[in-house]
Amino acid sequence: MRTVLGFLVLWLAVSSATISAKDFDKHFSDSTLRIDYILSGDVHGQAISLEGMSRMPGWHGKRQHFTEIPVHGAATIEMRLAATGELIYLHTFSTLFQEWLDLDDAHLAPKAFECVELLPMPRDSVVVTVNLYNHRHEVTATINHKVSPTDRTIVHKGETDVPQYVTINQATRPERGINIAMVAEGYTQEQMQDFLDDCNKGVEGIFSFEPFKSNRDRFNIIAVLTPSRDSGPSIPSEGVWHSTAIGSSFDTFGMERYLTTLRIKQMHDALAGTPYDHIIVMVNTDRYGGGGIYNTLNLLMTKHKLFIEVLVHEFGHSFGALADEYAYPGEEPNDFPLDVEPWAHNITTLVDFGSKWKDLMPAGKTTISLADDKNLDTTTIGLYEGAGCVLKGVYRPTPNCMMKTLKVPEFCPVCSRSLQQIIDFYTK
């Protein structure tokens, strides 16, 4: 699916004094601060509003590199001590709102989108800052607000009525593992065993691809049993409207195969109390579709013959922040201005190619090569024009890759290296 807001760069240390894992107890309690925002506006201007805050038991995000980010995505959220201004936590993500801003619809009237961010609960008062960025890496909207851990308006969630879940894969060191929740969507209560079977199939599929296969012992994956009243997602173009656990729907932004949900709060409510950081939404449908948004969600169909391939491709977006490597004829480079180096590690405009895969190129080779869609070579590293949905001016590392087509069974060396860096960031 076309998802352009996950962008990978080198690890970014934004503070000379990086907080180590041993400092977690100094600054944070073992619980989660969930903050709900509303992102609103149009192409002429955007705004971020605070909607509410909640506290959930346990912290299931990163426990090291607190003031570093492996990816400078389309948005950042940071936490600083109110008393001193010291940075104690930094996180990055992308949003459906920012995807919408690239569409013609964003020129017609303002809209509002939900956004939910998870942070470790601070022990002292902090100032939280959220920044949204455009494709030129410029801040387009920001919010600063103070959070006190004793604030009586912070709602407690996930302490009772925790949804049932089943562990599908456990890390060798669970406390350092990457926590992923697979969520049942469009499965009725009677279909829960079917959901679990699909989760097991999906997990085995993910770990059949490198570098995930070699790092299976670093992932904690659970299947959360969230039954829906109706079976299958909504399909507006066919007049099908279903009541489901998280309100998924095809036809997002008028694209028939773009399957996602606008009900981000509802999704997190369904997960409250479970050990999760990353989210994979398993949608009970044989209709082709899906979508992946960096550090927000991965959502896809489970009954189509390409279930595993789509799952892994979208996981490349939602977990690894990889950009699409295919191109559409006639597509304008709105998402990737050609005079700006994109954040994605697996595409380049050559503005700053030295920060990408230049070190992996054959000695002295900088020429641009052509490769048609029939070339399934995933290993010959070079500069191949056509990536990021754009035919001209944006380049990918190899003729083909899992981020370009579902016809090949692997990620290219550049994407594999990027994914390994993300895995190491969370677990080492």
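Here the structure is a predicted model, which means the values were calculated and not measured.

Quick notes on the rules
Residues numbered from 1 in each chain as written. Predicted model: local features only at pLDDT ≥ 70, side-chain atom pairs only at ≥ 80, totals over all residues. Heavy atoms only, no water. 1 Å grid on protein atoms, 1.4 Å probe; cavity = no way out; pocket = protein on both sides within 12 Å on 5 of 7 lines; lining within 4 Å. Points joined across faces, edges and corners; volume = space filled by probe spheres on them. Helix = DSSP H or I, 4+ residues; strand = E, 2+ residues; numbered from the N terminus. Nonpolar A, V, L, I, M, F, W, Y, C, P; charged D, E, K, R; others polar. Buried < 20%, exposed > 50% of the residue type's maximum accessible area, 1.4 Å probe, protein only. Core = buried A, V, L, I, M, F, W, Y, C linked by side-chain atoms within 4.5 Å. Contact = heavy atoms within 4.5 Å. pLDDT = per-residue confidence, 0-100. Expected span 1.5 Å × (residues − 1). Pairing = 2+ DSSP bridges. Axes fitted to C-alpha atoms, helices over the stretch in contact; angles between N-to-C directions. Disulfide = S-S within 2.5 Å.

Turning our attention to empty space enclosed by the protein. Summed over all chains, the structure comprises seven cavities of 30 Å³ or more. Looking at the largest cavity, its volume works out to about 220 Å³. Counting residues per element, the ones that place at least two in the lining of the largest cavity are β6 (87-93), β7 (111-122), α4 (264-271), β14 (278-283), β16 (297-301) and α5 (307-318). Considered class by class, the residues forming the lining of the largest cavity number 11 nonpolar, seven polar and two charged.

A word on unusual backbone geometry. P211 follows E210 through a cis peptide bond whose omega is 10°. Phi at F253 takes a positive value of approximately 55°, unusual for a residue other than glycine. By the secondary structure assignment, F253 is in the loop between β13 (219-224) and α4. A relative accessible area of 24% places F253 in the partly exposed class.

Another aspect to go through is the nonpolar core. Within the largest apolar cluster, 59 residues are counted, with the highest numbers of intra-cluster contacts made by L33, Y37, I48, M79, L119 and V128. Counting residues per element, this core draws most heavily on β7, at six residues. The residues contacting I48, other than those within four sequence positions of it, are Y37, I38, L39, V130, L132, A141, T142 and I143.

What follows concerns the environment of I48. Mapped onto the elements, I48 comes out in strand β3 (residues 45-57). For I48, a relative accessible area of 9% gives the class buried. In this structure the C-alpha to C-alpha distance between I48 and T140, which are 92 residues apart in sequence, comes to 10 Å.

A word on the side chain of H278. On the secondary structure map, H278 appears in strand β14. Beyond its immediate sequence surroundings of up to four residues, H278 is in contact with I178, N179, I180, A181, N295, F319 and Y426.

Moving on to the confidence of the model for the protein chain. Averaged over every residue, the pLDDT of the protein chain is 92; residues scoring 70 or more account for 93%. Below a pLDDT of 50 lies the segment residues 1-17, which in the model reaches 86 contacts outside its immediate sequence neighbourhood of four places, other chains included.

Another point: the environment of H72. Of note, H72 is situated in the loop between β4 (68-69) and β5 (75-81). C-alpha separation for the pair H72 and L96, spaced 24 residues apart in sequence, amounts to 16 Å.

All right, on to helix α6 (residues 413-427) then. Taking 1.5 Å per residue, 15 residues should reach 21 Å; α6 reaches 21 Å between its end C-alpha atoms and fits that length. Burial of α6 is extensive: 11 of the 15 residues sit out of reach of the surface. The inward-facing, buried residues of α6 abut β4, β12 (178-185), β13 and β14.

As a further point, take the sheet that holds strand β15 (residues 290-293). Spatial ordering of the open sheet is given by β11-β13-β12-β14-β16-β15, a layout of six strands whose pairing is mixed. Both edges of this open sheet fall to β11 (165-169) and β15, since each of them pairs with a single strand only. Each neighbouring strand pair of the sheet contributes to a mean axis angle of 20°, computed without reference to strand direction. Looking at chain direction, β15 and β16 are connected through four bridges and run antiparallel. Counterpart to G291 in the pairing with β16 is L299. Sheet strands touched by α4: β12, β13, β14 and β16. Its angle to β14, the strand with the most contacts, is close to 100°.

Take the environment of V139 next. Turning to its location among the elements, V139 is positioned in strand β9 (residues 139-147). Classification of V139 by relative accessible area gives partly exposed; the value is 47%. The residues touching V139, leaving out its near neighbours within four places in the chain, are N131, L132 and Y133.

Moving on, we get to the sheet that holds strand β10 (residues 155-156). For sheets, the rule is that strands pair by backbone hydrogen bonds, running either parallel or antiparallel. One open sheet holds the four strands; their spatial order is β7-β2-β3-β10, and the pairing between them is mixed. On the outer flanks of this sheet lie β7 and β10, each paired with one strand and no other. Pairing of strand β2 (residues 28-42) with β7, which is carried by 11 bridges, proceeds in the antiparallel orientation. The residue bridging T32 from the neighbouring strand is P120, located in β7.

What follows concerns the state of the cysteines. A full pass over the atoms with the stated rule returns zero disulfides. Sulfur of C412: no disulfide; nearest cysteine sulfur belongs to C415 and is 3.7 Å away.

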